[in-house]
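One-letter residues, chain by chain:
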2 protein chains.
Amino acid sequence: MTDQPPLADAFSRWGSAGLDAGTCPIRNVLDRLGDKWTMLILVALAAGPCRFGALGRSLPDISKRMLTQTLRDLERDGLATRQVFPTRPPRVEYRLSPLGRSVLQPLSALVDWAECHDQAIRQARARFDAVPSQKTASQAE
Amino acid sequence: MTDQPPLADAFSRWGSAGLDAGTCPIRNVLDRLGDKWTMLILVALAAGPCRFGALGRSLPDISKRMLTQTLRDLERDGLATRQVFPTRPPRVEYRLSPLGRSVLQPLSALVDWAECHDQAIRQARARFDAVPSQKTASQAE
DNA sequence: CGGAATCCACCATGATACTG
DNA sequence: CAGTATCATGGTGGATTCCG
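(A) Expanded view of the sheet that holds strand 1 (residues 50-51) of chain A. All names here are of chain A. Spatial ordering of the open sheet is given by 1-3-2, a layout of three strands whose pairing is antiparallel. Each edge of the open sheet is held by one strand with a lone partner, namely strand 1 and strand 2 (80-85). Two elements, strand 1 and strand 3 (residues 91-96), share two bridges in a ladder whose sense is antiparallel. Looking at strand 3, one finds that R51 is bridged to E93. Sitting on the sheet, helix 5 (residues 64-76) touches strand 2 and strand 3, and the angle it makes with strand 2 is about 115 degrees.

So, in structure tokens, the structure goes:
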């Protein structure tokens, strides 16, 4: 069956087992990518090294708090590196590590899918919402 | 530069612009995939049609509440379909739609990456945490 | 400039109990 | 069996303020 991708294979090892972020690699990754800013920063950094302030400005309206925290997490996981220049005023540059760059490819596949099927999803959603008996809690009101 | 994947391309259209889930396809997708249960259910369904109860049992310890809600969202987005058999007791089967099956492939790429680099990430994390001056708030304590 | 610290609001999720 | 309803809560993220 070509209907059954190797995905089910990987998940049979982790899904049924423990699946919490502590032991499951998939959750380990998706939990981070799934948060509000990580992938945005990943992509911003894909363009090349970037300073803290520039990063903040290139993103819509992230707070310094979240920018700092997300960058720290990326650094902690070895996806990005931080370089401090002891100048005055201070200057800090972030860049993707090789590991960080390697995630761009699979992430890219997902982004492609997203762009490609975005309309189909929105249409399905509109169709679903047109039936008043069906409610989801995630509906915009 | 082979360092610059088409990712940056897609993001230049959506990242700098509005990026909220309402207008950005990437967030539109990742917000759903990023939640706690969606991809687990996706994979469980990849194995074939499944009843509500069986789905619940095949997942670690999801509550009925979350199972229902996540399934509804998948149905709403057209990734899964719901079929009710008016028997006694009631029987409801869920299955992936063609659209739902199509996401398994890019998701697979990400899962592969996750499994492949899981150790590297954990090691980086351990190294980072070994330095007491560095704290992340996401550290286990 | 690049953070750290604090306070607070909200939303996602869990637990429990009830229903057709 | 397959949900719905209600309540409780913990974590995520925003705003603000202070520091080197």
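(B) Quick peek at the packing of aromatic side chains. Overall, the coordinates contain zero aromatic pairs over all chains when judged by the stated rule. R91 of chain A extends its terminal NZ or CZ atom over the ring of F85 of chain A, reaching a point 5.1 Å from the ring centre.

(C) Geometry of the environment of L99 of chain A. Tracing the backbone shows L99 of chain A in helix 6 (residues 98-130). Taking the C-alpha atoms as reference, L99 of chain A lies 16 Å from I26 of chain A; in sequence the two are 73 residues apart.

(D) The protein's contact with DNA strand D, seen in detail. In the vicinity of DNA strand D lie 20 residues, with R65 of chain A together with G53, K64, R82 and Y94 of chain B positioned nearest. Backbone sugar and phosphate groups make up 66% of those atoms of DNA strand D lying within 4 Å of the protein. K64 of chain B is positioned such that a nitrogen or oxygen atom in its side chain is 2.6 Å from a base oxygen of DNA strand D. Backbone polar atom of V92 of chain B to a phosphate oxygen of DNA strand D: 3.4 Å apart, as the coordinates give it. Where the surface near DNA strand D is concerned, the elements lending two or more residues are helix 5 of chain A together with helix 4 (52-58), helix 5 (64-76) and strand 3 (91-96) of chain B.

(E) Focus on unusual backbone geometry. In this model, R88 of chain A is joined to P89 of chain A through a cis peptide bond whose omega is 5 degrees. Its place among the elements puts P89 of chain A in the loop between strand 2 and strand 3.

(F) Highlighting the protein's contact with DNA strand C. As a matter of local geometry, DNA strand C sits amid 18 residues, with G53, K64, R72, R82 and Y94 of chain A nearest to it. Restricting the count to atoms of DNA strand C within 4 Å of the protein gives a sugar and phosphate share of 64%. With respect to DNA strand C, the side chain of R51 of chain A contributes an N or O atom lying 3.0 Å from a phosphate oxygen. A distance of 3.0 Å separates a base oxygen of DNA strand C from a polar atom in the side chain of R65 of chain B.

(G) Region of interest: the pattern of salt bridges. One pass over the structure, following the stated rule, counts 17 salt bridges over all chains. Between E93 of chain A and R95 of chain A there is a salt bridge; the shortest N-O distance is 2.9 Å. Residue E93 of chain A is classed as buried on the basis of its relative accessible area, which comes to 12%. Among the residues examined, R95 of chain A registers a relative accessible area of 30% and is labelled partly exposed. Residues D118 of chain A and R122 of chain A are paired through a salt bridge, measuring 2.9 Å at the closest nitrogen-oxygen approach. Here D118 of chain A and its partner R122 of chain A are both found in helix 6, four residues apart, which amounts to about one turn of the helix. The network of salt bridges with shared partners includes R32, D73 and D77 of chain A together with R125 of chain B.

(H) Main features of the nonpolar core. If you look at the biggest cluster of nonpolar residues, it comprises 67 residues, and the most contacted ones within it are I41 and L45 of chain A together with I41, L45 and L55 of chain B. Ranked by residue count, the leading element in this core is helix 6 of chain A, at nine residues.

(I) Spatial organisation of the sheet that holds strand 2 (residues 80-85) of chain B. Residue and element names in this part refer to chain B. Spatial ordering of the open sheet is given by 1-3-2, a layout of three strands whose pairing is antiparallel. What marks the edges here is a single partner per strand, and that holds for strand 1 (50-51) and strand 2. This element, helix 5, spans strand 2 and strand 3 of the sheet and lies at about 115 degrees to strand 2.

(J) Summary view of the state of the cysteines. In the structure shown here, the tally under the stated rule is zero disulfides over all chains. The thiol sulfur of C50 of chain A is not disulfide-bonded, and the nearest other cysteine sulfur, from C24 of chain B, lies at 19 Å. A relative accessible area of 16% places C50 of chain A in the buried class. For C24 of chain B, which is in no disulfide, the shortest distance to another cysteine sulfur is to C116 of chain A and amounts to 15 Å.

(K) Main features of helix 5 of chain A. Residue and element names in this part refer to chain A. Taking 1.5 Å of rise per residue, 13 residues should cover 18 Å, and helix 5 covers 18 Å from first to last C-alpha, within 8% of that figure. Among all positions in helix 5, only L67, T70, L71, D73, L74, E75 and R76 are buried. G78 occupies a position one or two residues after helix 5 and carries a positive phi of about 80 degrees.

Conventions used here
All residue numbers refer to positions counted from 1 along the written sequence of the respective chain. Chain labels run from A onward and ligand labels from 1 onward, assigned in the order the entries are written. For a predicted model such as this one, the threshold for reporting local features is a pLDDT of at least 70, and the threshold for listing and counting side-chain atom pairs is 80 or more; totals across whole chains, interfaces and linings nevertheless cover every residue. Only hydrogens and water are set aside when side-chain values are computed; all heavy atoms of the structure are taken into account. Only when DSSP finds a minimum of two bridges between them are two strands counted as paired. Under the scheme used here, helices are H or I runs from DSSP no shorter than 4 residues and strands are E runs no shorter than 2 residues, and both carry numbers assigned from the N terminus. In what follows, a contact means two residues having at least one pair of non-hydrogen atoms within 4.5 Å. Axes, fitted as lines to C-alpha atoms, cover a helix only where it is in contact. Angles between the N-to-C directions of the axes lie from 0 to 180 degrees. Any two of the Phe, Tyr and Trp rings considered here, Trp counted by its six-membered ring, make a pair once their centres fall within 6.5 Å; the pair's planes then place it as stacked at under 30 degrees, edge-to-face at over 60, or tilted in between. In this scheme, the term charge over a ring applies when either NZ of a lysine or CZ of an arginine sits within 6 Å of the ring centre and within 35 degrees of the ring normal. Only heavy atoms are used to decide nearness, and a residue is near a molecule or strand if one of them lies within 4 Å of it. We call two N or O atoms a polar contact when they sit within 3.5 Å, provided that within protein one can donate a hydrogen and the other can accept it, with sequence-adjacent residues counted only if both atoms are side-chain atoms. A side-chain nitrogen of Lys or Arg and a carboxyl oxygen of Asp or Glu constitute a salt bridge if their distance falls within 4 Å. Any residue under 20% of the maximum accessible area for its type is buried, any over 50% is exposed, and the rest in between are partly exposed; the area is computed with a 1.4 Å probe on protein chains only. Residue types Ala, Val, Leu, Ile, Met, Phe, Trp, Tyr and Cys, when buried and joined through side-chain atoms within 4.5 Å, form a set referred to as a nonpolar core. The definition used for a disulfide is geometric: two cysteine sulfur atoms within 2.5 Å. Helix span, as expected, comes to 1.5 Å for every residue beyond the first.

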